[in-house]
Protein chains: 2
Amino acid sequence: MAYRETSRIRERKQITRQTILTNALRLLNESGFSGIQMATLARQCQLATGTLYRYFSSKEALCTAVFEHATIIEINRVAAQLQQAHKGVPERIADALMTFAKRALRAPVAAWALIAEPVEPAVSAARLRYREQYATLFAQAIDEGIVERSLPQQNSTLSSHALVGAIAEALIGPLAQQNQYQPWQAISASVQFCLQAITATPYTIICPQQELSHEQR
Amino acid sequence: MAYRETSRIRERKQITRQTILTNALRLLNESGFSGIQMATLARQCQLATGTLYRYFSSKEALCTAVFEHATIIEINRVAAQLQQAHKGVPERIADALMTFAKRALRAPVAAWALIAEPVEPAVSAARLRYREQYATLFAQAIDEGIVERSLPQQNSTLSSHALVGAIAEALIGPLAQQNQYQPWQAISASVQFCLQAITATPYTIICPQQELSHEQR
DNA sequence: CTAAGAAGTGAATCATGATTCAGTTTTTAA
DNA sequence: TTAAAAACTGAATCATGATTCACTTCTTAG
């Protein structure tokens, strides 16, 4: 017996892994999953292609990890909106949904990659986990709302899944093919739909076009 | 001497060519240029892969032709808007720009493919011709407007190119990466910008959100 | 310092999809 | 009916990018 992994090595590997993910994420933002090529990625990380396979068993596994890495970033943004202490739960949820949607529309290549780009089955499976994570987050907020009486009694797990499904649908539409409505219309309608669904009262959201026409006058 | 191409054969070849383009266009709408595979396309057309090469010298040439075919469809839509006899030129141009933008947002995979998907150089060159065709169309309308006095005197060629550039920019932004604004905001602002640019007077467009909130009340 | 055990390397191999081409079928004019 | 000239075919070949693996370098415990 001689070599044994030390914390120094563990940390170094952690950094290398992070480097790979960061560079892959940049490629994802530039041209989607199809833009991630093992040789290119290795070069950008200053590693040999073989080394990538010491960190990820296949390109599919790598793409899945990138997917999850990107998702965590988005999740954190949404989580931040859900934690605004000075606002009520319904408003926080509306903010979170809007943030989710706006970020998707602001980085559409990445959003398209995360939501609609045709990918291998393993990445599709990650998509399901991704929605699950969002649902969990929203479910916590809903539970909070129920406790503070700003939301009526309800099954928070069910509500949160419905909520994620509705907002994703509103984004998949505009980003993919077969929708009949327009992006912003779909988003505001969805947020309104979601909020009305969980508050069980009418809910009006501020329309970005109103801000625009105000500025221009 | 014996075989000589007859009109019967010429027509049959024309139909085959059209079949290829139609099937390729469907693939384009489904998953962009990367979704067009020679073997798949040949199968869908009930042809051998080699036959595709009798009609198009390479996949690149085929993609270019598909690009142009798709473009012609879009051009015809825009042209139809520009020909509405009962409306003034400025309104017709606004309608045409909106149509262009809306269609792009309604078929974003195709729009992304036509406007932003990374493609071979020959297809990029087709993009320039595509913009040129739009410019020509708008230039004709502008000239008409000048004659009927609904538009002030101006260089219609220059104006039309500026107009196409502005609206494309407003679409490339939302569909690609680095923009700061939202799709509908970008479109309405661009159409407003374009109309104000060519009419030299304030111009307000109807905001889709207003229709929405009206419906929902 | 040394040898076991990893980690890292990159050229060789494999898989996928574009392209070619030798052979087959179709079409035409005489 | 026939032979020239296409048109068509699809298996073979080529190109690109993922994956492997024999080898080298690094790290650690003794």
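Residues numbered from 1 in each chain as written. Chains lettered and ligands numbered in written order. Predicted model: local features only at pLDDT ≥ 70, side-chain atom pairs only at ≥ 80, totals over all residues. Heavy atoms only, no water.

## Describing the overall build of chain A
- From N to C terminus, chain A includes 10 helices and zero strands.
- In sequence order, chain A lays out its α and β elements as α-α-α-α-α-α-α-α-α-α.
- A buried classification covers 49% of the 217 residues belonging to chain A.
- Nonlocal contacts in chain A, meaning residues at least 24 apart in sequence, comprise 67% of its contacts between residues at least 6 apart.
- Accessible surface, chain A: about 11200 Å² in total, of which carbon and sulfur atoms supply 53%. (Helix = DSSP H or I, 4+ residues; strand = E, 2+ residues; numbered from the N terminus. Buried < 20%, exposed > 50% of the residue type's maximum accessible area, 1.4 Å probe, protein only. Contact = heavy atoms within 4.5 Å. Areas by Shrake-Rupley, 256 points an atom, 1.4 Å probe, with all protein chains shown as cover.)

## A few points about the packing of aromatic side chains
All names here are of chain A.
- Summed over the entire model, instances satisfying the criterion amount to two aromatic pairs over all chains.
- With a centroid separation of 4.8 Å and 85 degrees between ring planes, the pair formed by phenylalanine 100 and tyrosine 134 is classed as edge-to-face. With phenylalanine 100 in helix 5 (residues 89-106) and tyrosine 134 in helix 7 (residues 121-147), this pair connects stretches of sequence that are 34 residues apart.
- With relative accessibility at 10%, the residue phenylalanine 100 sits in the buried group.
- A residue is classified by how much of its surface remains accessible, and tyrosine 134, at 2% relative accessible area, is buried. (Phe/Tyr/Trp six-rings, centres within 6.5 Å; stacked < 30°, edge-to-face > 60°.)

## Points about helix 2 (residues 38-45) of chain A
Residue and element names in this part refer to chain A.
- Residues of helix 2 that are buried: Met38, Leu41, Ala42 and Cys45. Seen along its axis, helix 2 keeps its buried residues to an arc of 100 degrees; they face one direction.
- On its buried face, helix 2 is in contact with helix 1 (7-31), helix 3 (49-55) and helix 4 (59-82).
- Following helix 2 by one or two positions, glutamine 46 adopts a phi angle in the positive range, close to 60 degrees. (Arc of directions from axis to C-beta.)

## What about the environment of glutamate 120 of chain B?
All names here are of chain B.
- Position of glutamate 120 relative to the elements: it lies in the loop between helix 6 (108-115) and helix 7 (121-147).
- For glutamate 120, a relative accessible area of 34% corresponds to the partly exposed category.
- Sequence separation between glutamate 120 and cysteine 63 is 57 residues, and the spatial gap between their C-alpha atoms is 9.0 Å.

## Description of the confidence of the model for chain A
Residues and elements named next belong to chain A.
- Residues of chain A with pLDDT of at least 70 account for 71%, and the chain-wide mean is 78.
- Of all the helices and strands in chain A, helix 10 (residues 208-216) carries the lowest mean pLDDT, 40, while helix 3 carries the highest, 98.
- Segment residues 172-181 is flagged for pLDDT under 50; beyond a separation of four residues in sequence, or across chains, it makes 29 contacts in the model.
- In this model, residues 209-217 is a region of pLDDT below 50 whose contacts with residues beyond four sequence positions or in other chains number nine contacts. (pLDDT = per-residue confidence, 0-100.)

## Quick look at the protein's contact with DNA strand D
- Looking at DNA strand D, there are 26 residues lining it, with Ala2, Thr6 and Tyr53 of chain A together with Lys13 and Thr51 of chain B nearest.
- Counting only the atoms of DNA strand D within 4 Å of the protein, the fraction contributed by sugar and phosphate is 72%.
- Between DNA strand D and arginine 12 of chain A there is a distance of 3.0 Å, counted from a phosphate oxygen to a side-chain nitrogen or oxygen.
- Measuring from a phosphate oxygen of DNA strand D, one finds a side-chain N or O atom of lysine 13 of chain B at 2.6 Å.
- Only helix 1 and helix 3 of chain A together with helix 1 (7-31) and helix 3 (49-55) of chain B provide two or more residues apiece to the surface near DNA strand D. (Near = heavy atom within 4 Å. Polar contact = N/O pair within 3.5 Å; in protein donor to acceptor, adjacent residues only side chain to side chain.)

## A word on the nonpolar core
- Ranked by size, the top nonpolar core spans 49 residues in total, and within it Leu28, Ile36, Leu41, Ile93 and Phe138 of chain A carry the most contacts.
- Those elements that place two or more of their residues in this core are helix 1, helix 2, helix 4, helix 5, helix 6 (108-115), helix 7, helix 8 (156-175) and helix 9 (183-199) of chain A.
- In contact with isoleucine 36 of chain A, not counting residues within four places along its chain, are Ala24, Leu27, Leu28, Leu41, Lys59, Leu62 and Val66 of chain A.
- Membership of the second largest hydrophobic core comes to 48 residues, among which are Leu52, Leu62, Ala65 and Tyr130 of chain B. (Core = buried A, V, L, I, M, F, W, Y, C linked by side-chain atoms within 4.5 Å.)

## As for unusual backbone geometry
- Here glutamine 46 of chain A, not a glycine, exhibits a phi torsion of approximately 60 degrees, which is positive.
- For glutamine 46 of chain A, the position within the fold is in the loop between helix 2 and helix 3.

## A short note on helix 4 of chain A
- Taking 1.5 Å per residue, 24 residues should reach 34 Å; helix 4 of chain A reaches 34 Å between its end C-alpha atoms and fits that length.
- Two or three places before glutamate 60 of chain A, at the opening of helix 4 of chain A, serine 58 of chain A has a side-chain oxygen 3.3 Å from that residue's backbone nitrogen. (Expected span 1.5 Å × (residues − 1).)

## Observations concerning the packing of helix 1 of chain B against helix 4 (residues 59-82) of chain B
Residue and element names in this part refer to chain B.
- Contact pair helix 1 / helix 4: the axes reach a minimum separation of 9 Å and the direction vectors enclose 80 degrees. The angle between the axes of helix 1 and helix 4 places the two elements in the roughly perpendicular class. Between helix 1 and helix 4, the contacting residues are Arg17, Gln18, Ile20, Leu21, Thr22, Ala24, Leu25 and Leu28 on the first element and Leu62, Ala65, Val66, His69, Ala70 and Ile73 on the second.
- Grouping the amino acids of the contact of helix 1 with helix 4 by side-chain chemistry returns 10 nonpolar, three polar and one charged. (Axes fitted to C-alpha atoms, helices over the stretch in contact; angles between N-to-C directions. Parallel < 35°, antiparallel > 145°, perpendicular 65-115°, else oblique. Nonpolar A, V, L, I, M, F, W, Y, C, P; charged D, E, K, R; others polar.)

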